[in-house]
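# Remarks on the overall topology
Here is what each chain is made of, one letter per residue.
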Amino acid sequence: MSSVHECPGCGYQYHQDLGDEHEGFAPGTPFDKLPEDWVCPDCSVRYKEDFQPLQ
Amino acid sequence: MVKRNMKTYALATDAGDISYTDTKRYLWMASLAYALMPFLGIGAHALFGHQAWLALPLFVAYVIGPILDWWLGEDENNPPEEIVPLLEEDPYYRLLPMLTVPLHFASLIGAAYWAGTQALSWWGVLLLAVSAGIANGLGINTGHELGHKKTQLERNLAKIVLAVPAYGHFSIEHNRGHHRDVATPEDPASSRMGESIYKFARREIPGAFRRAWAVEDERLTRKGVSVWSWANEILQSYTVTFALQISLIAAFGWVMIPFLAIHNFLAWWQLTSANYIEHYGLLRQKEPSGKYERCQPHHSWNSNHKYTNLVLFHLERHSDHHAHPTRRYQSLRNFKDVPRLPNGYNGMFPLAYVPPLWFRVMDPRLMALPHIDGDMTRVNIDPDNKEALYAKYGVAGLNENLSATEAA
C-alpha cells in the first residue's frame, strides 16, 4: 500500500507517516483506515476513492 | 506590449510565447471600497444634514449596482491555464482580501459610533444597521475567499472577518458541508425549484449551523477533544464576535442591541441571498454506488457581469469555484454553456425577494438548460410544490416516470 495519496483536484497529500493532526488522524494511520465517506479536507469535492497513490 | 496600469504576464513555452494581461488587476480594489460603503452614507449625512442620506449605500447597492452590471456588461476573458500559477503566486492578489478584513471591522465600528452618538430617529439607526449589515455580508464573502485557501494565515483571517457579522461557523459549514453536498436535496444551502427565498432561509440558516457543528464535533471527537473547548474553530470566531459586540454595547449603549441584531441578520441575509441564487433547482444525479456524481459546471448558476464580480472576488464565476474550490479569485474561469443568470447578484437579489417574479424569470430558464431539457427528474424540486410544478412544466419528466414505473 502506498504511503502517500494525493487529491487529483487540489493537490492535497495524505502522508501515512504524518497522518493529519488537524483532521484527527494520528501519524501512522494508513490511508485505507480513513473513513469510507471521507472527502478531501482542503477542497471537499473529491472522494476518498478519487485519491491517487503516489509512491 | 505592456499597457499602463495593467499587468501583463508572459511565459515562454515549447509551444511558443504565451501572454496574458489582467485588465481587472487594479479594479479588484473595488472590494476594498465596497467594504467601506456605510461611510458613504455617514459622510453624506454629515455634509448635508438630513438622515435620509444614510440610505445612499442602499441606493448604490440595489440601483446603481444593477445598472452598472447592465451597462458595463459581461467579461468572458479567461487566463490561459499556463499563466494561472503566475497569477496564483502574485502577492498583490493575495493581499487584497486580507486588506479588506480590518475594513469590515471599521465599517461596523464606524456605523455603530454614528448610531450611538448622533441624534437619529429610529429609521436613521435602521438605515445605518442595514447598510453596515450589507457591507459586512460582503465580509462573509471575504471570509469565503480566505477560508478556502490552504495557508494558516488566510484561514485564521477568515475566522476573524467572519466574527464581524457573527457567522464564525461559515468556513466549516461551507467548505466541508456545502461543497460536499451542493446541488442535492440534502444540502440546506442549495435552493429547490418552487422554494421561495423566505422558505429557503428557514431551512438554510439553522441547517447551516447544525451541519457546521456536526462536522466540527466529528473532527474534534477523532482528536479526542471536547466540542466545548478552545480547539473548536467555531467557538474561536464566536469569541471574537462576543468581545467586539459587547464592547460596542458598552461604548454606545442599549441602542446597540437592535442595531447589532439588524446588522447581523442583514449580513446573514446577504449570504442567504447568494446561496439561494447560486444553485436554484440544480441537481446532481446519484451514481449506482449510491453516491452523488461529482459536482459538474452545470450544477451552478453563473454571471460574468463586471461590476458585481469585482465587488465579490469573482464569486459569480461559480461553476469553476465549485470545480476548483481552492483556486484564487483572479484565476477563476468563465465556462461556455453553463447556467447563466440574466444579471449580476445585486440585480438578482431583489428579484429573489419577490418570489412570483423570481419563479417567472428563473423556472423557464431552469427547465431550458441543456442537461435538464424539460426533464423534471433532473431538477432539485421543493416537495411541497412538486405536483403543481409537474403540472406546469413536467409533462416530459412525468411521462418518463410513469413508463419507468409501468416497466418495473
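### A few points about the overall build of chain A
Counting its regular elements, chain A contains zero helices and three strands. Moving toward the C terminus, one meets the helices and strands of chain A in the order β-β-β. Whereas a compact globule of 55 residues would reach a radius of gyration of roughly 10 Å, chain A reaches 10 Å, a difference of no more than 12%. Reported as C-alpha extents along the three principal axes, the dimensions of chain A are approximately 25 × 25 × 20 Å. Counting all 55 residues of chain A, 49% fall into the buried class. For chain A, the proportion of contacts with a sequence separation of at least 24, taken over those separated by at least 6, is 40%. Entry remark: accessible area of chain A is about 2,700 Å², with carbon and sulfur atoms responsible for 49%.

### Comments concerning the interface of chain A and chain B
Contacts between the two partners involve 21 residues from chain A and, on the opposite side, 20 residues from chain B. Where chain A abuts chain B, roughly 1,800 Å² becomes buried across the two surfaces, and 40% of that area is made up of carbon and sulfur atoms. For the pair chain A and chain B, the number of links is seven salt bridges. Measuring nitrogen to oxygen at the nearest pair gives 3.2 Å for the salt bridge that ties E21 of chain A to K223 of chain B. Counting across the interface, chain A meets chain B through 13 residue pairs in polar contact (both at pLDDT 80 or more). Its residues assigned to classes, the side of chain A that touches chain B shows nine nonpolar, five polar and seven charged.

### Let's talk about the side chain of E278 of chain B
All names here are of chain B. Structurally, E278 can be placed in helix α11 (residues 256-278). Put simply, E278 is tucked away with no salt bridge, and the nearest opposite charge, on R211, sits 11 Å away. Here H318 takes part through its side chain, which lies 3.4 Å from a polar atom of the side chain of E278. With sequence-adjacent residues up to four places away left out, E278 is seen in contact with H299, S300, W301, L315, H318 and Y345.

### Overview of the pairing of strand β1 (residues 7-13) of chain B
All names here are of chain B. In this structure, β1 lies alongside strand β2 (residues 16-22), joined through seven bridges in antiparallel fashion. When the sheet's bridge partners are listed, T8 is paired in β2 with T21. The turn joining β1 and β2, which pair antiparallel and follow one another in sequence, is formed by two residues.

### Points about empty space enclosed by the protein
Residues and elements named next belong to chain B. Counted under the stated rule, the structure contains seven cavities of 30 Å³ or more. Size it by volume and the largest cavity reaches roughly 300 Å³. In this structure, the largest cavity is lined by 24 residues; those nearest its centre are N141, Q270, A274, L312 and L315. Of all the secondary structure elements, the ones that give two or more residues to the lining of the largest cavity are α6 (122-147), α8 (170-181), α11, α12 (306-311) and α14 (345-352). When residues in the lining of the largest cavity are grouped by element, the largest group, six residues, is from α6.

### With respect to the sheet that holds strand β2 (residues 13-15) of chain A
Residue and element names in this part refer to chain A. The three strands are arranged β2-β1-β3 in an open sheet whose pairing can be described as antiparallel. Of all strands in the sheet, those bounded by a partner on one side alone are β2 and β3 (52-53). Looking at chain direction, strand β1 (residues 4-6) and β2 are connected through three bridges and run antiparallel. The residue bridging E6 from the neighbouring strand is Q13, located in β2.

### Notes on the nonpolar core
Residues and elements named next belong to chain B. Grouped together as the largest cluster of nonpolar side chains are 38 residues, with contacts concentrated most on M193, I277, W358 and L366. Secondary structure elements with two or more residues in this core: α3 (56-72), α9 (197-223), α11, α12, α14, α15 (355-367) and α16 (386-393). A domain split of this core shows at least three residues from each of domain 1 (35-371) and domain 2 (374-408). Setting aside chain neighbours within four positions, we find L366 in contact with M193, Y280, G281, L282, W301, I372 and V379. Membership of the second largest hydrophobic core comes to 27 residues, among which are W114, L120, L128 and L244.

### A short note on the confidence of the model for chain B
Residues and elements named next belong to chain B. A residue-level look at chain B finds 95% of positions with pLDDT of 70 or above and a mean pLDDT of 92. Confidence scores differ between elements of chain B, with helix α17 (residues 395-407) showing the lowest mean pLDDT of 53 and helix α10 (residues 233-252) the highest of 98. Confidence over residues 1-5 falls short of pLDDT 50; this stretch has three contacts with residues more than four positions distant or in other chains.

### Topic: the pattern of salt bridges
Charged atoms that come close allow side chains of opposite charge to pair. All names here are of chain B. All chains considered together, the criterion is met by 27 salt bridges over all chains. R180 serves as the salt-bridge partner of D181, at 3.0 Å between the closest nitrogen and oxygen. R294 is paired through a salt bridge with E287; the nearest N and O atoms lie 3.6 Å apart. A relative accessible area of 18% places R294 in the buried class. By relative accessible area, E287 is classed as partly exposed at 32%. When salt bridges that share partners are traced, they join E173, R180, D181, D187 and R211 into one network.

Each value, and the rule that gives it
- Residues numbered from 1 in each chain as written.
- Chains lettered and ligands numbered in written order.
- Predicted model: local features only at pLDDT ≥ 70, side-chain atom pairs only at ≥ 80, totals over all residues.
- Heavy atoms only, no water.
- Helix = DSSP H or I, 4+ residues; strand = E, 2+ residues; numbered from the N terminus.
- Rg over C-alpha atoms; globule rule 2.2 N^0.38 Å.
- Buried < 20%, exposed > 50% of the residue type's maximum accessible area, 1.4 Å probe, protein only.
- Contact = heavy atoms within 4.5 Å.
- Areas by Shrake-Rupley, 256 points an atom, 1.4 Å probe, with all protein chains shown as cover.
- Buried area = accessible area lost by both parts, 1.4 Å probe.
- Salt bridge = Lys/Arg side-chain N within 4 Å of Asp/Glu carboxyl O.
- Polar contact = N/O pair within 3.5 Å; in protein donor to acceptor, adjacent residues only side chain to side chain.
- Nonpolar A, V, L, I, M, F, W, Y, C, P; charged D, E, K, R; others polar.
- Lys, Arg positive; Asp, Glu negative; His and termini not counted.
- Pairing = 2+ DSSP bridges.
- 1 Å grid on protein atoms, 1.4 Å probe; cavity = no way out; pocket = protein on both sides within 12 Å on 5 of 7 lines; lining within 4 Å.
- Points joined across faces, edges and corners; volume = space filled by probe spheres on them.
- Core = buried A, V, L, I, M, F, W, Y, C linked by side-chain atoms within 4.5 Å.
- Domains from an automatic or database assignment.
- pLDDT = per-residue confidence, 0-100.

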